[in-house]
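Remarks on the overall topology
The primary structure of each chain is shown beneath.
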Amino acid sequence: MELRTLRYFVAVAEELHFGRAATRLHISQPPLSRAIKQLEADVGALLFTRSPTGVTLTAVGSVLLDEARALLDHADRVRARVSAAAGVATLTVGILGDGTDPGVTRLAAAYRRTRPGIDIRVRDTDLTDPTCGLRAGLVDVALTRAPFDETALTVRELRTDPVGVVLRADDPLARRDGLRLAELDDRRWFRFPPDTDPLWQSYWHGGRPREGPVVRAVQECLQAVLWNGTVGLAPLGHDLPAELTAVPLTDMEPSRVVAVWNEGDTNPLIRSFVEIATTAYRHREGSR
């Protein structure tokens, strides 16, 4: 049994619902269902009783849940002890599908100079989880964009970016110097899945429900505009393909670039990382 599959199983067992478990794990539901079916085949017994409203654990599933939790806890302790023995301190950083941001590049260079002994692991996430796996315990700190549900999280603002609408270059509105959100109400938008953080959805959907293709990643957003002529919002200042352009929105609040970590997490590596990030992002802002 792979540890990843056991983590999938524990998520389903705790949520008692494949959809909610997939959301928690930030994966789509089909691969999660396939992994659980393969696990049941390996075990030789059903782990869940399925129903239209969710699932319940079988007697075998209840036994496996206790053992899986123990195995995962042990695996975490093994990793921690091995890292300590090797003298390598590790910090896992979540980045929201925007690794080309110059702020990230400046931060990486500054961190290498000041903390050369720290092993940084990067988890690149799609646009459906603005906390980059923080709530699921997959990362220690996230570089992302607000707004989102900040319950039990600590947030530090690093920079703000103006926001524009992404259009095809041959769109009649592409020649404008600026637009208002109301001028886009009759257009189809790219949009996020319904179970995405409501505050995040509302901001990037311009404050109202939208119709159009569902996207999860930056490239999917761009392809939706290119192929379908939809529109959508994006921070200004990032390179776009020649076939696309971004027109500033005059009535849109700026996008806040933030560092975020779990409230009460006293890991000193997080504190030093955020301080270096604050300096690196401000330096970029002042150099515009």
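Structure: see above.
First things first, this report covers the structure right here in the doc. Here the residue index of a chain counts from 1 through its sequence in written order. pLDDT decides what is reported in this predicted model: residues at 70 or higher carry local features, side-chain atom pairs at 80 or more are listed and counted, and totals for whole chains, interfaces and linings draw on all residues regardless. Side-chain descriptors were evaluated using all non-hydrogen atoms of the structure, hydrogens and water having been removed beforehand.

1. Concerning unusual backbone geometry
A negative phi holds for most residues other than glycine; trans holds for most peptide bonds. Between Ala146 and the following residue, Pro147, the backbone shows a cis peptide bond with an omega angle of 10 degrees. To qualify as a helix, a DSSP run of H or I must reach at least 4 residues; to qualify as a strand, a run of E must reach at least 2; elements of each kind are numbered from the N terminus. Turning to its location among the elements, Pro147 is positioned in the loop between strand S5 (141-146) and strand S6 (153-161). In this model, Cys132 sits at a positive phi of 60 degrees, which is unusual for a non-glycine residue. Mapped onto the secondary structure, Cys132 falls in the loop between strand S4 (118-125) and S5. Exposure categories follow from relative accessible area, calculated using a 1.4 Å probe and restricted to protein chains: below 20% of the type maximum is buried, above 50% is exposed, and the middle band is partly exposed. Relative accessible area serves as the criterion here: at 0%, Cys132 is assigned to the buried category. The phi torsion at Ala152 lies on the positive side, around 65 degrees, for a residue other than glycine. Along the chain, Ala152 falls in the loop between S5 and S6.

2. Here we look at the packing of aromatic side chains
Whether two aromatic rings pair depends on their centres lying within 6.5 Å, for rings of Phe, Tyr and Trp, where Trp uses its six-membered ring; planes under 30 degrees apart make the pair stacked, over 60 edge-to-face, and the rest tilted. The full count for this structure, using the stated rule, is 6 aromatic pairs. We count a charge as sitting over a ring when the NZ of a lysine or the CZ of an arginine lies within 6 Å of the ring centre and within 35 degrees of the ring normal. Its end group placed over the ring of Trp189, Arg210 keeps NZ or CZ at 3.8 Å from the ring centre.

3. Some remarks on the pattern of salt bridges
By definition, a salt bridge exists where a carboxyl oxygen of Asp or Glu is found within 4 Å of a side-chain nitrogen of Lys or Arg. According to the stated counting rule, one finds 15 salt bridges in the structure shown. Of the charged contacts, one joins Arg180 and Asp251 as a salt bridge, the two residues approaching to 3.8 Å between their closest N and O atoms. Of this pair, Arg180 sits in the loop between strand S7 (163-168) and helix H6 (198-204) while Asp251 sits in the loop between strand S9 (244-248) and strand S10 (255-262), and the two are 71 residues apart along the sequence. A salt bridge links Arg210 to Asp185, with the shortest nitrogen-to-oxygen separation between them at 3.3 Å. Of this pair, Arg210 sits in the loop between H6 and helix H7 (218-228) while Asp185 sits in the loop between S7 and H6; the two residues are 25 residues apart in sequence, bridging distant segments of the chain. With a relative accessible area of 7%, Arg210 lands in the buried category. Several salt bridges share partner residues, and in doing so they unite Arg145, Arg159 and Asp161 into one network.

4. Focus: the sheet that holds S9
Pairing between strands is defined by DSSP: at least two bridges between the two strands are required. One open sheet accounts for 3 strands, arranged S8-S7-S9; its pairing is antiparallel. Edge positions in the sheet fall to strand S8 (232-235) and S9, since each has one partner strand and no second. The mean inter-strand angle of the sheet, taken between neighbouring strand axes irrespective of direction, is 45 degrees. Pairing geometry for S7 and S9, over 5 bridges, is antiparallel. Residue pairing across strands places Arg168 opposite Leu244, the latter belonging to S9. Here, two residues are considered to be in contact whenever any of their heavy atoms come within 4.5 Å of each other. What counts as an axis is a line fitted to C-alpha atoms, over the stretch in contact for a helix, and the angles between N-to-C directions run from 0 to 180 degrees. Its contacts with the sheet put H7 on S7 and S9, and the angle it makes with S7 is roughly 45 degrees.

5. Some remarks on the packing of helix H1 (residues 3-15) against helix H3 (residues 29-43)
Close contact between H1 and H3 brings their axes to 10 Å; oriented N to C, the two are set at 105 degrees. When the axis of H1 is compared with that of H3, the two are roughly perpendicular. Note on element contacts: H3 touches H1 through Leu32, Ala35, Ile36 and Leu39, opposite Thr5, Tyr8, Phe9 and Val12. Each residue gets one label: Ala, Val, Leu, Ile, Met, Phe, Trp, Tyr, Cys and Pro are nonpolar, Asp, Glu, Lys and Arg are charged, and the others, such as Gly, are polar. Across the contact of H1 with H3, the residue classes tally to 7 nonpolar, 1 polar and no charged. Just so you know how the angles are binned, under 35 degrees is roughly parallel, over 145 roughly antiparallel, 65 to 115 roughly perpendicular, and the rest oblique.

6. Notes on the side chain of Gln201
By the element assignment, Gln201 lies in helix H6. The buried category is assigned to Gln201, whose relative accessible area is 14%. Distance and chemistry together define a polar contact, namely a pair of N or O atoms within 3.5 Å, with one atom able to donate a hydrogen and the other to accept it when in protein, and with adjacent residues in sequence counting only for side-chain atoms on both sides. Polar contacts involving the side chain of Gln201 include one to the main-chain carbonyl oxygen of Pro194, which spans 3.1 Å. When neighbours within four sequence positions are excluded, Gln201 is seen to be in contact with Phe192, Pro193, Pro194 and Thr196.

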